[in-house]
Amino acid sequence: MRARDVHVWYGETHAIKGVSIDITLDEVVAFIGPSGCGKSTFLRCFNRMNDTVPSARVTGEIRLDGEDIYAPDMDVVQLRARVGMVFQKPNPFPKSIYENIAYGPRIHGLARTRGELDAIVEAALEKAGLWTEVRDRLQEPGTALSGGQQQRLCIARAIAVDPEVILMDEPCSALDPIATAKVEELIDELRGRYAIVIVTHNMQQAARISQKTAFFHMGDLVEFGNTRDIFTNPRETRTKDYITGRFG
Ligand code: ADP
């Protein structure tokens, strides 16, 4: 995905100030920066989630495989399948584990038969590292799973519609350390199959799981580069001050 000179306003609040970035398939990109700097706002531009906020206005250009995602003829439902999203709090549908995964492929017409749908559900759960834990309880409600399992279920749900990009907005902030480690492991396994963008307030997490890091401050993209360089040899003073804990 390619973003060029993206601005976002909420009414008078200028939340993102002319940000350009390229996200490629082979890497996990972490968005870091102090609370309120615009990480989440910018992330939500990539699948037009800001459309759901009445006061939000987005300008600039974002392309997915060259296609302008803000073009008037863009099918937003289709876009959100191609650019999936995982939220801070796991949000399974109040339905069975099976239905949580099957819903998307069914509405997008990805399976012709029940057998094909079963195969998609199994493959998505397998890729999300959840299959062996849930194969015997597919008809139980998704909400009966532990928090960490629910989050992996939500990742499986995103995977099931065969996305190109997965956006994750602080996906581990409601999880305990063991569940967090599992989700981090999963993100690493998914790398290369999908472009992954993750917002995190946890710098150690960004350092562990991402190859590229973008540091935001007050709506600006201050620095974007290899994660190792950002954490060991930042170019900008604001980045250095943030990663050494001087503010944030
Ligand atoms: P971060 O994810 O880095 O914590 P956000 O993207 O949530 O930052 O917020 C960026 C700025 O936009 C903040 O000033 C925040 O108050 C404002 N903002 C975020 N969401 C909304 C909203 N729905 N309505 C109005 N202002 C918002």
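Shown above is the structure to which this text applies.
Cut-off values and rules
- Residues numbered from 1 in each chain as written.
- Predicted model: local features only at pLDDT ≥ 70, side-chain atom pairs only at ≥ 80, totals over all residues.
- Heavy atoms only, no water.
- Helix = DSSP H or I, 4+ residues; strand = E, 2+ residues; numbered from the N terminus.
- Polar contact = N/O pair within 3.5 Å; in protein donor to acceptor, adjacent residues only side chain to side chain.
- Contact = heavy atoms within 4.5 Å.
- Near = heavy atom within 4 Å.
- Areas by Shrake-Rupley, 256 points an atom, 1.4 Å probe, with all protein chains shown as cover.
- Nonpolar A, V, L, I, M, F, W, Y, C, P; charged D, E, K, R; others polar.
- Pairing = 2+ DSSP bridges.
- Expected span 1.5 Å × (residues − 1).
- Buried < 20%, exposed > 50% of the residue type's maximum accessible area, 1.4 Å probe, protein only.
- Disulfide = S-S within 2.5 Å.

Asks: Quick one: what's the story with the side chain of Glu223, residue by residue and with numbers?
Replies: Assignment of secondary structure puts Glu223 in strand 10 (residues 220-226). A distance of 2.8 Å separates the side chain of Glu223 from the side chain of Thr239, its partner in a polar contact. The residues contacting Glu223, other than those within four sequence positions of it, are Thr213, Ala214, Phe215, Ile230, Pro234, Arg235, Glu236 and Thr239.

Asks: Go over the site of the ligand with me, naming the residues and quoting the values.
Replies: In the vicinity of the ligand, the contacting residues are Tyr10, Ala15, Pro34, Ser35, Gly36, Cys37, Gly38, Lys39, Ser40, Thr41 and Val53. A distance of 2.5 Å separates an oxygen atom of the ligand from a polar side-chain atom of Thr41. Relative to its unbound accessible surface of 560 Å², the ligand loses 61% to contact with the protein. Top contributing element to the shell around the ligand by residue count: helix 1 (residues 39-45), with three residues. For the shell around the ligand, the residue count by class is five nonpolar, five polar and one charged.

Asks: Which residues make up the pairing of strand 4 (residues 56-64), and what values do they have?
Replies: Working note: regular strand, side chains alternate between the two faces of the sheet. In this sheet, strand 4 lies alongside strand 1 (residues 2-10) in antiparallel orientation, the contact comprising seven bridges. Residue pairing in the sheet places Ala3 in a bridge with Ile62 of strand 4. Counting the residues that bridge the hairpin from strand 4 to strand 5 (residues 67-68) gives two residues, and of these Asp65 lies at a positive phi of roughly 50 degrees.

Asks: If you had to explain helix 4 (residues 114-127) to someone new, which residues and values would you point to?
Replies: An ideal rise of 1.5 Å per residue puts 20 Å on 14 residues; helix 4 measures up with 20 Å between its terminal C-alpha atoms. The inward-facing, buried residues of helix 4 abut helix 3 (97-107), helix 5 (131-134) and helix 6 (147-160). Of the residues trailing helix 4, Gly129 is marked for its positive phi of about 70 degrees.

Asks: Please provide a residue-by-residue account of the environment of Glu126, values included.
Replies: In this fold, Glu126 is placed in helix 4. Assessed through its relative accessible area of 46%, Glu126 is described here as partly exposed. In this structure, the C-alpha to C-alpha distance between Glu126 and Ala156, residues 30 residues apart in sequence, is 8.2 Å.

Asks: Account for the state of the cysteines, with residues named and values stated.
Replies: For the coordinates displayed, the defined rule picks out zero disulfides. We note that Cys45 lacks a disulfide partner, and the nearest cysteine sulfur, in Cys37, lies 13 Å from it. No disulfide involves Cys154; its sulfur sits 12 Å from that of Cys172, the nearest cysteine. Overall, Cys154 belongs to the buried group, its relative accessible area being 3%.

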